[in-house]
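Chain and residue survey
If you want the building blocks of each chain, they are given just below.
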Amino acid sequence: MPTLPALFVSHGSPMMALEDGRARRFLASYAGELPRPRAILVASAHWETAAPRLTASAAPPTIHDFGGFPEALYRMRYPAPGEPALAERAADLLQAAGLAAALDPTRGLDHGAWIPLQLLYPAADIPIVQLSLQSHLGAAHHYAMGVALRPLRDEGVLVIGSGSASHNLTALDRRAGDTATPPPWVDAFDQWVADKVATADTAALLAWQAEAPYAHQNHPSDEHFLPLFVALGAGAPDAPGARIHHSHTYGALSMDAY
């Protein structure tokens, strides 16, 4: 079985499940460029816990963790199976790396997980395990989680971090489509991240809050950027990564993927 890559995707607004756009079209086509995974482990910005937790349900429910959207969005389900054995394997890897991890037998898939996955794999026939974040522990902790989970890529598991390349919701123009020119502060941050990923400058990325231009303006809180570090850690060590999608929506919301 070929080694699978590690991915970071920007999941955007829940409306991406219903509305056309460049990021939606990218996700809907990208799975065809990958070997088919036997399972997926996804770290979403929308599940935070004190210590790492993994979904361990054989049939994780679809969580509609948002409000004020069209009724059609709440009727959507992503009935992919879970894989308790993968959850146990991931927990063992995290614990071996000194990271306390536990299983959650009832937690489902939040929209940071199921919305991009239903575009990547609409048949919902690949088992999914979701991993929680600990935003109070910062980038290095999430990078270490990714490193611990790296062996899964050789076991047919696609590791995905799902967040947002920029996430300042107070700066959005909700009338703007996905062809509007982003503000210069978003563009500068996007380019800095792309450059550091392409040159495998992990040290700079881990120090992003101090080194990246307009870091706080792009991420007033960091939970939507932390999934990048799970994917970065799970990737090949010291190897350059690649930006595989670049677009924006609502003016200031970067939809970059790596």
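Here, the structure is the one placed above.
Once a new chain begins, its residue numbering starts again from 1 and follows that chain's sequence as written. Thresholds applied to this predicted model are a pLDDT of at least 70 for local features of residues and 80 or more for the giving and counting of side-chain atom pairs; totals over whole chains, interfaces and linings are not thresholded and use all residues. To get the side-chain values, take all heavy atoms of the structure and skip hydrogens and water.

**With respect to the nonpolar core**
The biggest cluster of nonpolar side chains holds 45 residues, and the ones touching the most others in it are Leu41, Leu54, Leu94, Leu131, Val193 and Trp208. Any pair of residues with heavy atoms lying within 4.5 Å of one another is described as a contacting pair. Residues within four places of leucine 54 in sequence aside, it is in contact with Leu41, Trp47, Ala87, Ala90, Ala91, Leu94, Ala102, Leu103, Asp104, Val129, Gln130 and Leu131. In these notes, a set of buried Ala, Val, Leu, Ile, Met, Phe, Trp, Tyr and Cys residues joined through side-chain atoms within 4.5 Å is what counts as a nonpolar core. Burial classes follow relative accessibility: with a 1.4 Å probe on protein chains only, a residue under 20% of its type's maximum area counts as buried, one over 50% as exposed, and anything between as partly exposed. By size, the runner-up hydrophobic cluster in this structure holds 40 residues, among which are Leu73, Met76, Ala80 and Val186.

**A word on the pattern of salt bridges**
One side-chain nitrogen of Lys or Arg within 4 Å of one carboxyl oxygen of Asp or Glu is enough to make a salt bridge. The final tally for this structure, using the stated rule, is 8 salt bridges. In this structure, aspartate 125 engages arginine 36 in a salt bridge whose closest nitrogen and oxygen atoms are separated by 3.2 Å. One end of the pair, aspartate 125, is in the loop between α4 (111-120) and β5 (128-133); the other, arginine 36, is in the loop between α1 (22-30) and β2 (39-48), and 89 residues separate them in sequence. The residue aspartate 256 makes a salt bridge to arginine 243 at a minimum N-O spacing of 3.0 Å. Residue aspartate 256 is found in the segment after β8 (253-254), and its partner arginine 243 is found in the loop between α10 (226-234) and β7 (248-249); the two are separated by 13 residues along the sequence. Overall, aspartate 256 belongs to the buried group, its relative accessible area being 0%. Take arginine 243: its relative accessible area is 30%, and that puts it in the partly exposed class. Elements are defined by DSSP. Helices are runs of H or I of four residues or more, strands are runs of E of two residues or more, and each kind is numbered from the N terminus.

**Digging into the packing of aromatic side chains**
Here a Phe, Tyr or Trp ring, Trp counted by its six-membered ring, pairs with any other such ring whose centre lies within 6.5 Å, and the pair is stacked when the planes are under 30 degrees apart, edge-to-face when over 60, and tilted otherwise. Here the structure, examined in full by the defined rule, presents 7 aromatic pairs. Residues phenylalanine 66 and phenylalanine 69 carry aromatic rings whose centres are separated by 5.5 Å and whose planes lie at 80° to one another, so their mutual orientation is edge-to-face. Taking relative accessible area as the criterion, phenylalanine 66 reaches 14% and is therefore assigned buried. A connected cluster of aromatic rings, assembled from ring pairs, spans Phe189, Trp208, Phe225 and Phe229.

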